[in-house]
Amino acid sequence: MQIIQTISELRKTLKNQTSIAFLPTMGNLHAGHIHLVEIAKQHAKCVVVSIFVNPLQFGPNEDLANYPRTLEADCAKLSGLADIVFAPSVTEMYPEVQTMTISPPPIANELCGATRLGHFSGVVTVVMKLFNMVRPDIAIFGKKDFQQLFMIKELVKQFNLPIEIIAGETVREVDGLAMSSRNGYLSTDERLVAIQLNMALRGIVVATKNGNKNFVELEQQAIQQLSQHNWLVDYISIRSSANLKPALATDKNLVVLGAAKIGKTRLIDNIEFCIDA
Ligand code: PAF
């Protein structure tokens, strides 16, 4: 496995590669990422994993400075799985201020984007840059970041990029907590109750499958239930999984998404499900 830090070396190394699968990450890798690398391996001869904590997608009061940077441990986890780790510096990625950015569709201002202003513009801009550097045939994104996955699919579609996007399932801890680099911020007590977010989403899935289509009421009940357990809820929202618009009673393919803070840690989760309309 090669560890590459510059765009020129990356381009030189990948020049004659005919089959590239790419997994962009911000590092601090866990079993969820490893699952995505394994998917990448099944689809191409050369697997490239990028590790870059992208300043452009963090708001001024977010955790950019504290985001865990664990390159050595990450490379150890990728050894034998990835062919290339691309770990550029901030100045390599942004040698000058990135004055030209991609403006994502309006859905980028809902759900996570409602409180993380500019977040998805930062995500799609860095992903476009990385795509132009790696030039992959296939790219893998996790369903855990469902809204991000939606944005990337739109990016590829609307800019006619010749890249196949593959979605990887969310990997969960034994109690069902979605794996995330931010789980490491949780105190022991917070970790014990962190599953409550997923439980609230599961409650909505059961109620909806049992015929309750009063989506707004279900969302409000879940918010109230979490708030009573000291969560600061950002949103709980039932949406069409096809277009991420608020769910209609006639929709069959749904996703319930949630984001909430326990203590100082903001967690997100979602569950995709189908109902007989
Ligand atoms: O999901 C992430 O880790 C990041 O948003 C991504 C896609 C690597 C872009 O920085």
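Structure's up top.
Residues numbered from 1 in each chain as written. Predicted model: local features only at pLDDT ≥ 70, side-chain atom pairs only at ≥ 80, totals over all residues. Heavy atoms only, no water.

J.: How should the packing of aromatic side chains be read in this particular structure?
T.: Two aromatic rings, taken as a pair, are described by how far apart their centres are and by the angle between their planes. Tallied over the full model, the rule gives four aromatic pairs. Ring geometry for Phe22 against Phe131: centres 6.3 Å apart, planes inclined by 70 degrees, an arrangement best described as edge-to-face. Here Phe22 is found in strand β2 (residues 20-25), whereas its partner Phe131 is found in helix α6 (residues 119-134), with 109 residues between them in sequence. Taking 6.1 Å as the distance between ring centres and 45 degrees as the angle between the ring planes, the aromatic pair formed by Phe52 and Tyr94 counts as tilted. Taken together, the residues Phe52 in the loop between β3 (46-51) and α3 (71-78) and Tyr94 in the loop between α4 (90-93) and α5 (112-115) connect sequence positions 42 residues apart. A connected cluster of aromatic rings, assembled from ring pairs, spans Phe22, Phe131 and Phe141. (Phe/Tyr/Trp six-rings, centres within 6.5 Å; stacked < 30°, edge-to-face > 60°. Helix = DSSP H or I, 4+ residues; strand = E, 2+ residues; numbered from the N terminus.)

J.: Even after reading the chapter, I still don't get the packing of helix α1 (residues 7-14) against α6, so can you show me in this structure?
T.: Between two packed helices, what matters for the description is the angle formed by their axes and the separation of those axes. Direction vectors running N to C along α1 and α6 enclose 45 degrees, while the axes themselves pass 9 Å from each other. In terms of orientation, α1 lies oblique with respect to α6. Every residue of α6 that contacts α1 at Ile7, Leu10, Arg11 and Leu14 is listed here: Asn132, Met133 and Val134. (Axes fitted to C-alpha atoms, helices over the stretch in contact; angles between N-to-C directions. Parallel < 35°, antiparallel > 145°, perpendicular 65-115°, else oblique. Contact = heavy atoms within 4.5 Å.)

J.: Please explain the environment of Ala167 as it appears in this structure.
T.: Examined against the element boundaries, Ala167 turns out to sit in strand β6 (residues 164-168). Ala167 gets classed as partly exposed once you look at its relative accessible area, which sits at 28%. In sequence terms Ala167 and Asn210 are 43 residues apart; their C-alpha atoms lie 28 Å from each other. Apart from residues no more than four positions distant in its own chain, Ala167 is found in contact with Phe141, Lys143 and Leu149. (Buried < 20%, exposed > 50% of the residue type's maximum accessible area, 1.4 Å probe, protein only.)

J.: I'm lost on the site of the ligand in this one. Help?
T.: The local shell around the ligand consists of Pro24, Thr25, Met26, Asn54, Gln57, Val126, Phe141 and Gln148. Note that an oxygen atom of the ligand is positioned 2.6 Å from one of the side-chain N or O atoms of Gln57. For the ligand, whose unbound accessible area comes to 290 Å², protein coverage reaches 89%. Classifying every residue of the shell around the ligand by side-chain character gives four nonpolar, four polar and no charged. (Near = heavy atom within 4 Å. Polar contact = N/O pair within 3.5 Å; in protein donor to acceptor, adjacent residues only side chain to side chain. Areas by Shrake-Rupley, 256 points an atom, 1.4 Å probe, with all protein chains shown as cover. Nonpolar A, V, L, I, M, F, W, Y, C, P; charged D, E, K, R; others polar.)

J.: Just checking my understanding: could you explain helix α2 (residues 31-43) for this structure?
T.: What sets the pattern is the α-helix's 3.6 residues per turn: residues three or four places apart point alike. Across its 13 residues, α2 extends 19 Å between first and last C-alpha, which sits within 8% of the 18 Å expected from 1.5 Å per residue. Every buried residue of α2 is listed here: Gly32, His33, Ile34, Leu36, Val37, Ile39 and Ala40. Packed against the buried residues of α2 are β2, β3, α3, β5 (138-142) and β6. (Expected span 1.5 Å × (residues − 1).)

J.: What should I look at first to understand the nonpolar core in this one?
T.: Within soluble globular proteins, side chains that are nonpolar tend to cluster in buried spots. Core analysis: the largest hydrophobic core is formed by 46 residues, its most contacted members being Phe131 and Ile165. No other element matches α6, which puts ten residues into this core. If we ignore the near neighbours within four places in the chain, the residues touching Ile165 are Phe131, Ala139, Phe141, Leu149, Ile152, Lys153 and Val156. Counting residues in each nonpolar core, the second largest holds 25 residues, with Leu197, Phe215, Ile238 and Ala247 among its members. (Core = buried A, V, L, I, M, F, W, Y, C linked by side-chain atoms within 4.5 Å.)

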